[in-house]
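Chain residues, written in single-letter form:
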Amino acid sequence: MAAGFEQILNWRLLAGSHDFPGPDGGTCINEAAIVAAGLPYRAIRASTDCPPCFSQPLAAYALGLNDAMPDGERPRLMAFVLRLAGSAAEPETEARRVAFLAEASVRRILPPLLDAAGLPALAARCDGACGPEGARAAARDAAWEGGALADAASRRGAWTQGARASAVARAASAAVKAFCDARCAAEVAEGAAPFIDGTWAVGAQILDEALALGRGAPSIDAGLARDRFDAARARAGLRGPGSSQTRTGSAVGSNVTV
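### Thoughts on the pattern of salt bridges
Under the counting rule described, the total for this entry stands at eleven salt bridges. Note that aspartate 208 and arginine 83 form a salt bridge whose closest N and O atoms lie 2.6 Å from each other. Separated by 125 residues along the polypeptide, aspartate 208 in helix 10 (residues 199-211) and arginine 83 in the loop between helix 3 (56-68) and helix 4 (91-108) bring together distant segments of the chain. The partly exposed category is assigned to arginine 83, whose relative accessible area is 24%. Glutamate 133 is paired through a salt bridge with arginine 136; the nearest N and O atoms lie 2.9 Å apart. Note that glutamate 133 and arginine 136 are positioned in helix 7 (residues 131-156) at a spacing of three residues, about one turn of the helix. Since its relative accessible area comes to 54%, glutamate 133 is described here as exposed.

Next comes the structure, spelled out in structure tokens:
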């Protein structure tokens, strides 16, 4: 999914929020999406800081992935920089997205972690969970079992097993919260990733599928986005790294509503 977009757009994704990109470029995913859309630049510290044309749950999940991913994995998100502006939908669709992000995290990210922690029955239950309520109940039980297993492992001095079990407890607890807060769905991936290869790829795929819910918005043309990124970098270079004098948008116009 990264597919060279970091090179095409000549921009880097970084963890955290940024007052304005430095001369070498670099922002979080939502800040980059703002530049790509030609909107007035703003630092994004939470999804609520995004322009109203951004889907709140998708922006929250993307922000969570962006900040938790290692530098080598973060380029997976570059393609989404062209897709977040204009993703806002009616409340019913946004609620479906929250439920989808949570349920998909329970069914697709928790099971490999549960298997690795020696909890195959719970892994099968999460994998086969039916509907949001079933997925939430499975995650709640996984959090309890993970905590109990971590405590038992600690008493025995089984540190490796205890680390996996603690990861289960954290990730499953985040999954329960994710049904109300989409950013917590990214914390499920964050908990599993150190133990399960391919977790970040699954997280990015879940974001891709959540974007497809509702009518969505067409992807911004990569060439136009590159021009906007170049303009932002040029302005930042003139003012020097870390300038906080302005949060202006790109010189290249936008047809997206702020």
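Next comes the rest of the write-up.
### Focus: the nonpolar core
With 85 residues, the main nonpolar core has Phe54, Leu110, Leu114 and Phe229 as its most contacted residues. The element contributing the most residues to this core is helix 8 (residues 159-178), with eight residues. Beyond its immediate sequence surroundings of up to four residues, phenylalanine 229 is in contact with Leu9, Trp11, Ala32, Val35, Ala36 and Val81.

### Focus: the environment of tryptophan 144
Inspection of the secondary structure assignment puts tryptophan 144 in helix 7. For the pair tryptophan 144 and alanine 172, spaced 28 residues apart in sequence, the C-alpha to C-alpha distance is 8.6 Å.

What counts and how
- Numbering of residues begins from 1 in every chain and follows the order in which that chain's sequence is written.
- Totals for whole chains, interfaces and linings use every residue, but because this is a predicted model, local features are given only for residues with pLDDT of at least 70 and side-chain atom pairs only at 80 or more, for both listing and counting.
- Computation of side-chain values covers all heavy atoms of the structure but excludes hydrogens and water.
- Salt-bridge detection follows one rule: a side-chain nitrogen of Lys or Arg within 4 Å of a carboxyl oxygen of Asp or Glu.
- Numbering of helices and strands starts at the N terminus; helices are DSSP runs of H or I of at least 4 residues and strands are runs of E of at least 2.
- When accessible area is computed with a 1.4 Å probe and restricted to protein chains, residues below 20% of their type maximum are described as buried, those above 50% as exposed, and intermediate ones as partly exposed.
- What we call a nonpolar core is a set of buried Ala, Val, Leu, Ile, Met, Phe, Trp, Tyr and Cys residues that are connected through their side-chain atoms within 4.5 Å.
- Pairs of residues are marked as contacts when any of their non-hydrogen atoms sit within 4.5 Å.

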